[in-house]
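So the chains spell out like this:
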Amino acid sequence: MEVNGYQIGSGADLAGADLTDADLSSVDLSDAWLGGALLTGSNLSESHMAGADLRNTVCRSTIFNEADLHHVNFWSSDLSGSQFTGAVLSRSWLGNANLTQTDFRSAELGGAWLTGSDLTDAHFGGATLAGASLSRTCLRDTNFTGVFAMSADFRSAICSGTYFKAANLTGAIFRGASLVSVDFSFADLGGVDFSDTLVFEDVTLEGSRHDESTQWPKGFDPPPSVSYTHLTLPTKA
């Protein structure tokens, strides 16, 4: 398959290629090398890219919906405004990347590495983030409503206006993080580590569940935990 003069296929060398606004839906780019490529506005929905290397790429408003992206390297890439709805990104590298306003709803990000990335205004509603690393990320106005993020690492993250409503955060780590105006309502906080947080202000815990293994900031008195049997999620208006 040829696109913009480039041969597209598994293992292809597309380093620095200009594939702006290209239709690459359902293509096989597994194990391909795309370092520094330009993919802004391109459609890679339902593509197969397992093991591909896309470090330092420019992928603004690129569509990756339902794509197979496990073990893909997006290190230091610009993915602002891109769509990953329903995509598989397990064990992928998204560290030091621009992920502002990126849509990860219902995506699989188990074990993914997002350390040091800017996730301002990104949307993870219903995504899986079990064991993912989000340390040192910027999570301003980021939406994690309903995520499954058991044992996720949020150490030293900046959380301001962040939503964790109805999220499963059991065993997650927030040590060294700054949490201001963060909403944990109806979340499962069993075993979460909030110790040594730099800031813990205006945090909403209404309807949340926690237990004796939950570690709170020194001097913080949490509200009573809600048991599973009495937990009632808010209904949509």
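Below you will find a few notes about this structure. (Residues numbered from 1 in each chain as written. Predicted model: local features only at pLDDT ≥ 70, side-chain atom pairs only at ≥ 80, totals over all residues. Heavy atoms only, no water.)

Turning next to the packing of aromatic side chains. By the definition in use, this model includes 21 aromatic pairs. Aromatic side chains phenylalanine 200 and tryptophan 216 sit 6.5 Å apart centroid to centroid with 75° between the ring planes, which places their arrangement in the edge-to-face category. Of the two residues, phenylalanine 200 sits in strand β6 (residues 199-201) while tryptophan 216 sits in the segment after β6, which places them 16 residues apart along the sequence. With respect to burial, phenylalanine 200 and tryptophan 216 carry one shared label: buried. (Phe/Tyr/Trp six-rings, centres within 6.5 Å; stacked < 30°, edge-to-face > 60°. Helix = DSSP H or I, 4+ residues; strand = E, 2+ residues; numbered from the N terminus. Buried < 20%, exposed > 50% of the residue type's maximum accessible area, 1.4 Å probe, protein only.)

Relative to the assigned elements, threonine 115 resides in the loop between β2 (6-7) and β3 (138-140). Contacts of threonine 115, omitting those with residues within four sequence positions, involve Gly95, Asn96, Ser133, Ser135, Arg136 and Thr137. (Contact = heavy atoms within 4.5 Å.)

As a further point, take the nonpolar core. Of all hydrophobic cores here, the largest spans 68 residues; its most connected members are Phe124, Phe154 and Phe184. Leave out the neighbours within four places in its chain, and phenylalanine 124 touches Phe104, Arg105, Leu109, Leu114, Leu119, Leu129, Thr142, Asn143, Phe144, Thr145 and Val147. (Core = buried A, V, L, I, M, F, W, Y, C linked by side-chain atoms within 4.5 Å.)

In this section: the pattern of salt bridges. In this structure the tally under the stated criterion is eight salt bridges. Between aspartate 183 and lysine 165 there is a salt bridge; the shortest N-O distance is 3.8 Å. Taken as a pair, aspartate 183 in the loop between β5 (178-180) and β6 and lysine 165 in the loop between β4 (158-160) and β5 lie far apart in primary sequence, 18 residues in all. One salt bridge connects aspartate 211 with arginine 209, and the closest N-O pair in it is separated by 3.9 Å. We classify aspartate 211 as partly exposed; its relative accessible area is 24%. You can call arginine 209 buried: its relative accessible area is 16%. Put simply, Asp188, Arg209 and Asp211 are held in one network by salt bridges that share partners. (Salt bridge = Lys/Arg side-chain N within 4 Å of Asp/Glu carboxyl O.)

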